[in-house]
Amino acid sequence: MRRLLPVIVIAAALLLGGGGRDLLDRLRDEAGGTSGSSGKGRVARVVRVVDGDTIVVRLGGAEERIRYIGMDTPETVKPGTPVQCFGRQASAENHRLVDGRRVRLVLDAEARDRYGRMLAYVYREPDDLFVNAALVQRGYATPMTIPPNVRFADRFVAWSRAARQAGRGLWSACER
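Residues numbered from 1 in each chain as written. Predicted model: local features only at pLDDT ≥ 70, side-chain atom pairs only at ≥ 80, totals over all residues. Heavy atoms only, no water.

Draft legend 1. Summary view of the side chain of D113. Mapped onto the elements of the fold, D113 is located in the loop between β5 (102-106) and β6 (118-124). When near neighbours in sequence (up to four residues on either side) are disregarded, D113 contacts R67 and L119. (Helix = DSSP H or I, 4+ residues; strand = E, 2+ residues; numbered from the N terminus. Contact = heavy atoms within 4.5 Å.)

Draft legend 2. Expanded view of the pairing of strand β2 (residues 54-59). Of all six residues making up β2, five are buried, and the element is well covered by its neighbours. Linking strand β1 (residues 42-49) to β2, which pair antiparallel, is a turn of four residues. As defined by bridge partners, β2 adjoins strand β3 (residues 62-68) across six bridges and the pair is classed as antiparallel. What sits directly across from L59, in β3, is A62. Where β2 hands over to β3, the hairpin turn is made up of two residues, of which G60 adopts a positive phi near 60 degrees. (Buried < 20%, exposed > 50% of the residue type's maximum accessible area, 1.4 Å probe, protein only. Pairing = 2+ DSSP bridges.)

Draft legend 3. Representation of the pattern of salt bridges within the structure. Under the definition given, this model contains twelve salt bridges. The shortest N-O distance in the salt bridge between R67 and D72 comes to 2.9 Å. Judged by relative accessible area, which is 22%, D72 ranks as partly exposed. R102 is the salt-bridge partner of E125, the closest N and O atoms lying 3.8 Å from each other. Of this pair, E125 sits in the loop between β6 and β7 (129-130) while R102 sits in strand β5, placing them 23 residues apart in sequence. You can call R102 partly exposed: its relative accessible area is 39%. Taken together, the shared-partner salt bridges connect R102, R104, E125 and D128 into one network. (Salt bridge = Lys/Arg side-chain N within 4 Å of Asp/Glu carboxyl O.)

Draft legend 4. Local environment of the environment of V103. For V103, the position within the fold is in strand β5. If we skip the residues at most four places from it in the chain, V103 touches R42, V43, A44, V46, V57, V98, V122, Y123, R124 and E125.

Draft legend 5. Quick peek at the layout of surface pockets. Taken as a whole, the largest pocket spans an internal volume of roughly 580 Å³. If you trace the largest pocket, you find 23 residues lining it, with R67, D113, Y115, R117 and M144 closest to the centre. A total of three residues in the lining of the largest pocket trace back to one element, the largest contributor, which is β3. For the lining of the largest pocket, the per-class residue count stands at nine nonpolar, three polar and eleven charged. (1 Å grid on protein atoms, 1.4 Å probe; cavity = no way out; pocket = protein on both sides within 12 Å on 5 of 7 lines; lining within 4 Å. Points joined across faces, edges and corners; volume = space filled by probe spheres on them. Nonpolar A, V, L, I, M, F, W, Y, C, P; charged D, E, K, R; others polar.)

Draft legend 6. The arrangement of the pairing of β5 in detail. Most of β5 is tucked away: four of the five residues are buried. As paired elements, β1 and β5 share four bridges and run antiparallel to each other. The residue of β5 that forms the bridge with R45 is R102. Where β5 lies against β6, four bridges are found, and the strand directions are antiparallel. Note on β6: the bridge partner recorded for L105 is V122.

Structure representation (structure tokens):
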């Protein structure tokens, strides 16, 4: 019986969890790994918007600082750095998109940066808006690729190119 107990627990988890693939995705999420191509992630509530590319969420009973993957917005709160062109507008747009809302966080290959922030692709619930992409497409952010988190790197470049050609956001307001 002692040897069968782990098998019984795994079988019960598979049956109750809705299938093996979902269970593996949940386990990867809990371990801080990638979610795979399924797009699953962890749902959290935004408690504070720090700036255009960083938020604080309530996740698992604790607050977690999240840095958006694949893009960068002009600085507004970096110590020793003046507020950059279009920084306040990017921060305001991020507030408008996610402040106080539920978001789904999807990780890539590397879960945290050197500052301890969780790195994530952020999707607004319930409409599934890809926030990272929206900020780039609307001209509030530029692409920033830091390997190994490269899942959407080519798309961010293409979205930014289109925003620049259309003169959206910072592309018409700032010298770049």
